[in-house]
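Secondary and tertiary structure notes
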Amino acid sequence: MDYVYMLLVIGAVIALCIFINRITDKLKVPSLLLFIGLGIVFGLLARVTGLMGNFTDYNLGNIVCSICLVFVIFYGGFGTNFKEARPVAGRALLLSFAGTALTAGLVGVGVWCIFQLLPFGGIGWVESMLIGSVICSTDAASVFNILRSRRLNLKYRTSSLLEMESGSNDPMSYMLTVVFTSVLAANGAAGGGMGAGEIVGMLFSQVGFGALFGVGLGFLGIFILKRFPFNMGQGG
């Protein structure tokens, strides 16, 4: 595809998003719904008219989505008021890990049952759990947008609970997706297959290494910010 044409289309989408963001204050619906609608419209146009060509570079799509996920998670942590979130931190973490896993399991069971009723046949448990893992997490950007744009003052620190939970449940969904994708790949390989011990070990390694690197980089960032002055305007 011509990259100039692609940049023009991307620029048009960004311009429309800015325009929509300007008029959302006058509407009684969250701006996120308009952005979702805009995405659906462009998706249909791309499918019907070939507006964006035949996009098959899934590795590029994975990279772009992963980068966007990093920004969403970073924004969730950066925008959370920890003085208000500290009293609900335990409940938020319980919801973001155990609640997300439970949601993935319930959705997976529901997907399996629904597909068993369809005339063209059902799908396996692993595929069903993969679907549940993909859609089980709360979208942090959606929660932040609704709570903050509408300035909702919910009782019992519910706003802080929802913000912290939605900003911290993506890692659990991501880990479950990686696990069930790996199980599908192993089952599809010749003589493959993963046991329960390997699955549990993969989960613990994902959590352990993620927490280790996250805490380590966090303390490193604090050390660098305190050690080296970045405000050059005040002249040291």
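As the structure is a computational prediction, the values presented were derived from the model and not from experiment.

**Remarks on the overall build of the protein**
A tally of regular secondary structure across the protein gives ten helices and zero strands. N-terminal to C-terminal, the α/β element order of the protein is α-α-α-α-α-α-α-α-α-α. Put simply, of all contacts in the protein between residues at least 6 apart along the chain, 64% involve residues at least 24 apart. Total accessible area computed for the protein in this model is approximately 16400 Å², and 71% of it derives from carbon and sulfur atoms.

**Comments concerning helix α8 (residues 158-168)**
Along α8, nine of the eleven residues are buried, which leaves the element largely enclosed by surrounding structure. Every buried residue of α8 is accounted for by Ser 159, Ser 160, Leu 161, Glu 163, Met 164, Glu 165, Ser 166, Gly 167 and Ser 168.

**Some words on the packing of aromatic side chains**
Under the counting rule described, the total for this entry stands at one aromatic pair. Plain terms: the ring middles of Trp 112 and Trp 125 are 4.5 Å apart, the flat faces sit at 10 degrees to each other, and that makes the pair stacked. Of the two residues, Trp 112 is situated in helix α5 (residues 89-117) and Trp 125 in helix α6 (residues 125-135); the sequence distance between them amounts to 13 residues. Given a relative accessible area of 25%, Trp 112 falls into the partly exposed group. For Trp 125, a relative accessible area of 42% puts it in the partly exposed group. Here the guanidinium or amino end of Arg 227 rests over the ring plane of Phe 228, the centre of that ring lying 5.5 Å away.

**Here's the deal with the side chain of Thr 100**
With respect to the helices, strands and loops of the structure, Thr 100 is situated in helix α5. Taking relative accessible area as the criterion, Thr 100 reaches 2% and is therefore assigned buried. If sequence neighbours within four positions are ignored, Thr 100 has contacts with Leu 95, Cys 136, Ser 137, Glu 165, Asn 169, Met 172 and Ser 173.

**Some remarks on the side chain of Ser 96**
Of note, Ser 96 is situated in helix α5. Assessed through its relative accessible area of 0%, Ser 96 is described here as buried. Aside from chain neighbours lying at most four places away, what touches Ser 96 is Glu 165, Ser 168, Asn 169 and Met 172.

**A word on the nonpolar core**
If you look at the biggest cluster of nonpolar residues, it comprises six residues: Ala 85, Val 88, Ala 89, Ala 92, Leu 161 and Met 164. Broken down by secondary-structure element, the contributors of at least two residues to this core are α5 and α8. In terms of nonpolar packing, the next biggest core, distinct from the first, is built from five residues, Cys 136, Met 172, Met 175 and Leu 176 among them.

**Overview of a nonpolar patch on the surface**
A cluster of nonpolar side chains, Phe 209, Leu 212, Phe 213, Leu 217, Leu 220, Phe 223, Ile 224 and Phe 228, forms an exposed patch at the surface whose accessible area comes to about 860 Å². Locating Ile 224 in the fold gives a position in helix α10 (residues 196-227). Its relative accessible area of 31% is what places Ile 224 among the partly exposed residues.

**Some details on the confidence of the model for the protein**
Per-residue pLDDT for the protein has a mean of 75; in total, 74% of the residues score no lower than 70. Ranking the elements of the protein by mean pLDDT puts helix α7 (residues 140-149) last, at 66, and α6 first, at 89.

**Thoughts on the environment of Glu 163**
Mapped onto the elements, Glu 163 comes out in helix α8. Between the C-alpha atom of Glu 163 and that of Ala 85, which follows or precedes it by 78 residues, the distance is 8.5 Å.

**As for the packing of α5 against α8**
Running from amino to carboxyl end, α5 crosses α8 at an angle of 40 degrees, the nearest separation of the two axes being 8 Å. Between α5 and α8, the crossing angle belongs to the class labelled oblique. Seen from above, α5 lies across α8 with right-handed handedness. Contacts between α5 and α8 involve Ala 89, Arg 91, Ala 92, Leu 93, Leu 95, Ser 96 and Thr 100 on the former and, on the latter, Leu 161, Met 164, Glu 165 and Ser 168. Looking at the contact of α5 with α8, its residues break down into six nonpolar, three polar and two charged.

**Some details on the packing of α5 against α6**
At a minimum axis distance of 7 Å, the contact between α5 and α6 shows a crossing angle of 130 degrees. Here α5 is positioned oblique relative to α6, judged by the angle of their axes. Classified by chirality, the crossing of α6 by α5 is right-handed. Listed contacts from α6 to Ala 104, Gly 105, Val 107, Gly 108, Val 109, Val 111 and Trp 112 of α5 are Trp 125, Ser 128, Met 129, Ile 131, Gly 132, Ser 133 and Ile 135. Of the residues contributing to the contact of α5 with α6, the split by class is nine nonpolar, five polar and no charged.

What counts and how
Residues numbered from 1 in each chain as written. Predicted model: local features only at pLDDT ≥ 70, side-chain atom pairs only at ≥ 80, totals over all residues. Heavy atoms only, no water. Helix = DSSP H or I, 4+ residues; strand = E, 2+ residues; numbered from the N terminus. Contact = heavy atoms within 4.5 Å. Areas by Shrake-Rupley, 256 points an atom, 1.4 Å probe, with all protein chains shown as cover. Buried < 20%, exposed > 50% of the residue type's maximum accessible area, 1.4 Å probe, protein only. Phe/Tyr/Trp six-rings, centres within 6.5 Å; stacked < 30°, edge-to-face > 60°. Lys NZ or Arg CZ within 6 Å of the ring centre and 35° of its normal. Core = buried A, V, L, I, M, F, W, Y, C linked by side-chain atoms within 4.5 Å. Patch = residues over 30% accessible without salt bridge, like charges linked within 9 Å, V, L, I, M, F, W, Y side chains within 5 Å. Salt bridge = Lys/Arg side-chain N within 4 Å of Asp/Glu carboxyl O. pLDDT = per-residue confidence, 0-100. Axes fitted to C-alpha atoms, helices over the stretch in contact; angles between N-to-C directions. Parallel < 35°, antiparallel > 145°, perpendicular 65-115°, else oblique. Left-handed = near helix turned anticlockwise from the far one by under 90°. Nonpolar A, V, L, I, M, F, W, Y, C, P; charged D, E, K, R; others polar.

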